[in-house]
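# Architecture and fold: a report
One letter stands for each residue in the lines below.
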Amino acid sequence: GFGFDAVKGRTVFGISTQNYIQPKYAVDTFAIQFTNSDVKLDLGYAMVLRDRFLMAPILGLGGGSDHITIYNTEPATAATVAADPGREINLLQGKACADISLQMHWLLGQPASGEDNEGFSLGLQLGYAAHYAIGNWRYAESSITDGPDGFRQMYYARLSLGIMSTDLGRGNAPDENMQ
């Protein structure tokens, strides 16, 4: 995935995108693969704000799609394909996404004396994500009314590498519980 966060005062806002691809698995002579994509707008509050560290709870809301590909793995001749052109099936469904997490980012390395705090960062995000299907699964131009749907949820941990340029701890009066 990819994300961009900005901090203004103690407000954290950003955008993030994730793409998941499950390994293909076989059922009889068919291969099946599930992929999904999410895009979310993120909003949070920097509870801990230091020159080289940030910790913030984040709420993300957005949407995305799930995609299932099913195809026949048997070798085919031109006559087989002409007789059965539907050898590959692509199903698509939209969804709403919500995510609540705790993000922590550490600025790596030591800045030279008097230099700004900027460089590579290491991040950890621990959270809970929920997805709810919107509408029916789509196949070509038609709707599949009895396909899988509903509510999907998961807990997750995500590591990230990034570039950080910050003066997080400067000019912000720390709260008593942040010491």
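This structure is a prediction, so every number in the text was calculated from the model and none was measured. (Residues numbered from 1 in each chain as written. Predicted model: local features only at pLDDT ≥ 70, side-chain atom pairs only at ≥ 80, totals over all residues. Heavy atoms only, no water.)

## Considerations on the overall build of the chain
Basically, it comes down to this: In this text, helices come from DSSP runs of H or I with a minimum length of four residues, and strands from runs of E with a minimum of two, each type numbered from the N-terminal end. Between buried and exposed lies partly exposed: a residue is buried under 20% and exposed over 50% of the maximum accessible area for its type, with that area taken using a 1.4 Å probe on protein chains only. Only heavy atoms matter for contacts: two residues are in contact if any of them lie within 4.5 Å across the pair. Note that accessible areas follow from Shrake-Rupley with a 1.4 Å probe, and for residues the cover is restricted to the protein chains shown.
What the chain contains, in helices and strands, is one helix and ten strands. Counting from the amino terminus, the chain carries its helices and strands in the arrangement β-β-β-β-β-β-α-β-β-β-β. By the burial criterion, 30% of the 179 residues in the chain qualify as buried. Look at the contacts in the chain between residues 6 or more apart in sequence, and 66% of them connect residues 24 or more apart. Accessible surface, the chain as shown: approximately 11,300 Å² in total, 61% of it carbon and sulfur.

## Side note on the layout of surface pockets
Filter applied, for reference: Points on a 1 Å grid, built from protein atoms alone, make a cavity when a 1.4 Å probe fits but cannot get out and make a pocket when they are open with protein on both sides within 12 Å along at least 5 of 7 lines; residues with an atom within 4 Å of a point are the lining residues. Grid points are joined across faces, edges and corners, and a volume is the space filled by probe spheres set on the points.
Within this model, the second largest pocket holds a volume of roughly 180 Å³. Lining the second largest pocket are Y20, Q22, F34, N36, D66, K95, A129, A130, H131, R152, Q153 and M154. The set of elements that each furnish at least two residues to the lining of the second largest pocket consists of β4 (30–45), β8 (117–139) and β10 (151–166).

## Topic: the nonpolar core
To be explicit about the condition: Take the buried residues of types Ala, Val, Leu, Ile, Met, Phe, Trp, Tyr and Cys, join any two whose side-chain atoms come within 4.5 Å, and each joined set is a nonpolar core.
In terms of nonpolar packing, the biggest core is built from six residues, these being V12, A46, L49, L54, A56 and I58. Ranked by residues supplied to this core, first place goes to strand β6 (residues 53–72) with three residues.

## Let's talk about the environment of Q22
Assignment of secondary structure puts Q22 in the loop between β2 (11–21) and β3 (25–27). For Q22, a relative accessible area of 40% corresponds to the partly exposed category. Expressed as a C-alpha distance, the spacing of Q22 and I32, which sit ten residues apart in the sequence, is 9.4 Å. Once you skip the residues sitting within four places of it in the chain, Q22 turns out to touch Q33 and F34.

## Here's the deal with the side chain of H131
We count it as follows: Pairs of N or O atoms within 3.5 Å make up the polar contacts considered here, provided that, within protein, one atom can donate a hydrogen while the other can accept it, and that residues adjacent in sequence are counted only when both atoms are side-chain atoms.
Among the secondary structure elements, H131 is positioned in strand β8. Judged by relative accessible area, which is 9%, H131 ranks as buried. In this structure the side chain of H131 is engaged in a polar contact, spanning 3.4 Å, whose partner is the side chain of D38. If near-sequence neighbours (up to four positions away) are discounted, H131 is found in contact with N36, D38, K95, A96, C97, G150, F151 and R152.

## Concerning empty space enclosed by the protein
Enumeration according to the criterion identifies one cavity of 30 Å³ or more in this entry. For the largest cavity, the calculated volume is near 40 Å³. The wall of the largest cavity is formed by Q18, Y20, D38, K40, D99, A129, H131, M154, Y156 and R158. Secondary structure elements with two or more residues in the lining of the largest cavity: β2, β4, β8 and β10.

## Quick notes on the packing of aromatic side chains
The criterion, for reference: For Phe, Tyr and Trp, rings pair up if their centres lie within 6.5 Å, where Trp contributes its six-membered ring, and each pair is then called stacked (planes under 30 degrees apart), edge-to-face (over 60) or tilted (otherwise).
The final tally for this structure, using the stated rule, is two aromatic pairs. Their ring planes at 45° and their centres at 5.3 Å tell us that F53 and W106 sit as a pair that is tilted. On the criterion of sequence distance, the pair formed by F53 in strand β6 and W106 in strand β7 (residues 88–107) is long-range, its members being 53 residues apart. Given the relative accessible area of 18%, F53 is considered buried. What makes W106 partly exposed here is its relative accessible area of 34%.

## Details of the confidence of the model for the chain
The test is simple: What pLDDT expresses is the predictor's confidence in each residue, scored from 0 to 100.
In the predicted model, the chain carries a mean pLDDT of 82, and the fraction of residues at 70 or more is 85%. Per-element confidence in the chain ranges from a low mean pLDDT of 77 for strand β9 (residues 142–144) to a high of 93 for β4. Confidence over residues 170–179 falls short of pLDDT 50; this stretch has 18 contacts with residues more than four positions distant or in other chains.

## A word on a nonpolar patch on the surface
What counts, and what does not: Patches here: salt-bridge-free residues with over 30% relative accessible area, like charges joined within 9 Å, nonpolar side chains (Val, Leu, Ile, Met, Phe, Trp, Tyr) joined within 5 Å. Counted as salt bridges are all cases of a side-chain nitrogen of Lys or Arg within 4 Å of a carboxyl oxygen of Asp or Glu.
A contiguous nonpolar surface patch, about 680 Å² in accessible area, is contributed by W106, L108, F120, L122, L161 and I163. When residues of the nonpolar patch are traced back to their parent elements, those giving at least two are β8 and β10. In this structure, L108 sits in the loop between β7 and β8.

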